[in-house]
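# Understanding the architecture of this molecule
Each chain is listed here by its residues.
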Amino acid sequence: MRPVQGRSAVIALTLTAVVAAGCGSSSSTGGLSKQQLAAKANSICSGYKPKIAAVKAPSISDIQSGHYAPYFDQIAPIYDQAIAQLKTLKPASNVQGQWKQMLAQFGAVTSLIDQVRTRVDKREGGAPTLLAQVVPRTNAADAAAKNIGATACASAPTQSGGG
């Protein structure tokens with residue numbers, strides 16, 4: 001079923017976009033310039049991509065049967081570590097607005113993913129509806145990362161296995 005297979009790819013892309021949460025912006029005194037933030041964020045994201053790609057994505061049958069929580073359970077700590085590293089980056093004062101906006105967008109994506117995990121774990125309904133909300137949030141977060149120059153954060157990792 002194509003939509004389900006596409007959803008698996010969206011999940012992987014979404015999770016990759018979450019990593020971009022700390023990507024930076026332009027220069028000013030007292031913090032990293034846009035170029036410096038982009039370089040540091042790209043380095044961090046590039047370091048986590050192999051770890052993310054090593055986690056087997058859920059198969060189509062896993063997704064159809066609602067057994068994709070283990071994927072989130074394995075991958076969420078990787079993203080939490082990456083985001084924690086990205087949050088240590090301190091933007092210059094003239095890019096803090098972009099920084100805060102991007103962190104808020106990625107926070108919304110993370111919240112939705114956590115809600116999906118909880119609903120699947122508890123066998124509650126509504127996970128597909130939440131997944132549908134993740135896509136537009138991911139697109140916005142992706143655009144923000146690319147705008148800052150954190151292209152490694154905005155792009156999806158290569159997935160091993162799954163659908």
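For clarity, every value in this text was computed on a predicted model and none was experimentally measured.

Let us now look at the overall build of the protein chain. Secondary structure summary: the protein chain contains seven helices and zero strands in total. Along the protein chain, helices and strands appear, N-terminal first, in the series α-α-α-α-α-α-α. In the protein chain, which comprises 163 residues, the proportion classed as buried is 44%. Long-range pairs, those at least 24 residues apart, make up 82% of the contacts in the protein chain between residues at least 6 apart in sequence. Put simply, the protein chain shows about 7600 Å² of open surface, and 53% of that area lies on carbon and sulfur atoms.

Taken over all residues, the pLDDT of the protein chain has a mean of 74, while the share at 70 or more is 76%. In the model of the protein chain, helix α1 (residues 2-19) stands out as the element of lowest mean pLDDT, 47, in contrast to helix α2 (residues 34-53), which has the highest, 89. Segment residues 15-28 is flagged for pLDDT under 50; beyond a separation of four residues in sequence, or across chains, it makes 75 contacts in the model. In this model, residues 157-163 is a region of pLDDT below 50 whose contacts with residues beyond four sequence positions or in other chains number 28 contacts.

Looking now at the packing of helix α4 (residues 69-87) against helix α5 (residues 96-121). Pairs of packed helices are described in terms of their axes, by the angle between the two and the distance that separates them. For the pair α4 and α5, interaxial distance at closest approach is 11 Å and the crossing angle is 160 degrees. With respect to α5, the axis of α4 lies roughly antiparallel. For the crossing formed where α4 meets α5, the hand is left-handed. When α4 is examined against α5, the residues A69, F72, D73, A76, I83, L86 and K87 are found in contact with a partner set consisting of W99, L103, T110, I113, V116, R117, V120 and D121. Residue classes in the contact of α4 with α5 are distributed as ten nonpolar, one polar and four charged.

To continue, consider α5. For α5, with 26 residues, the first-to-last C-alpha span of 37 Å sits near the 38 Å given by 1.5 Å per residue. Looking only at α5, the buried set comprises W99, M102, Q105, F106, A108, V109, L112, I113, V116 and V120. Looking one or two residues beyond α5, the residue adopting positive phi is R123, at roughly 60 degrees.

The subject of this paragraph is the nonpolar core. Core analysis: the biggest nonpolar cluster contains 42 residues, and Y68, F72, L89 and V116 have the highest contact counts within it. Of all the secondary-structure elements, those providing two or more residues to this core are α2, α4, α5, α6 (127-148) and α7 (151-154).

Relative to the helices and strands, N42 is located in helix α2. Owing to a relative accessible area of 17%, N42 belongs among the buried residues under this scheme. Within the local environment of N42, its side chain forms a polar contact with the backbone oxygen of G149, the two atoms lying 3.1 Å apart. Apart from residues lying up to four places away in sequence, N42 is in contact with G149, A150, T151, A152 and C153.

Conventions and cut-offs
Residues numbered from 1 in each chain as written. Predicted model: local features only at pLDDT ≥ 70, side-chain atom pairs only at ≥ 80, totals over all residues. Heavy atoms only, no water. Helix = DSSP H or I, 4+ residues; strand = E, 2+ residues; numbered from the N terminus. Buried < 20%, exposed > 50% of the residue type's maximum accessible area, 1.4 Å probe, protein only. Contact = heavy atoms within 4.5 Å. Areas by Shrake-Rupley, 256 points an atom, 1.4 Å probe, with all protein chains shown as cover. pLDDT = per-residue confidence, 0-100. Axes fitted to C-alpha atoms, helices over the stretch in contact; angles between N-to-C directions. Parallel < 35°, antiparallel > 145°, perpendicular 65-115°, else oblique. Left-handed = near helix turned anticlockwise from the far one by under 90°. Nonpolar A, V, L, I, M, F, W, Y, C, P; charged D, E, K, R; others polar. Expected span 1.5 Å × (residues − 1). Core = buried A, V, L, I, M, F, W, Y, C linked by side-chain atoms within 4.5 Å. Polar contact = N/O pair within 3.5 Å; in protein donor to acceptor, adjacent residues only side chain to side chain.

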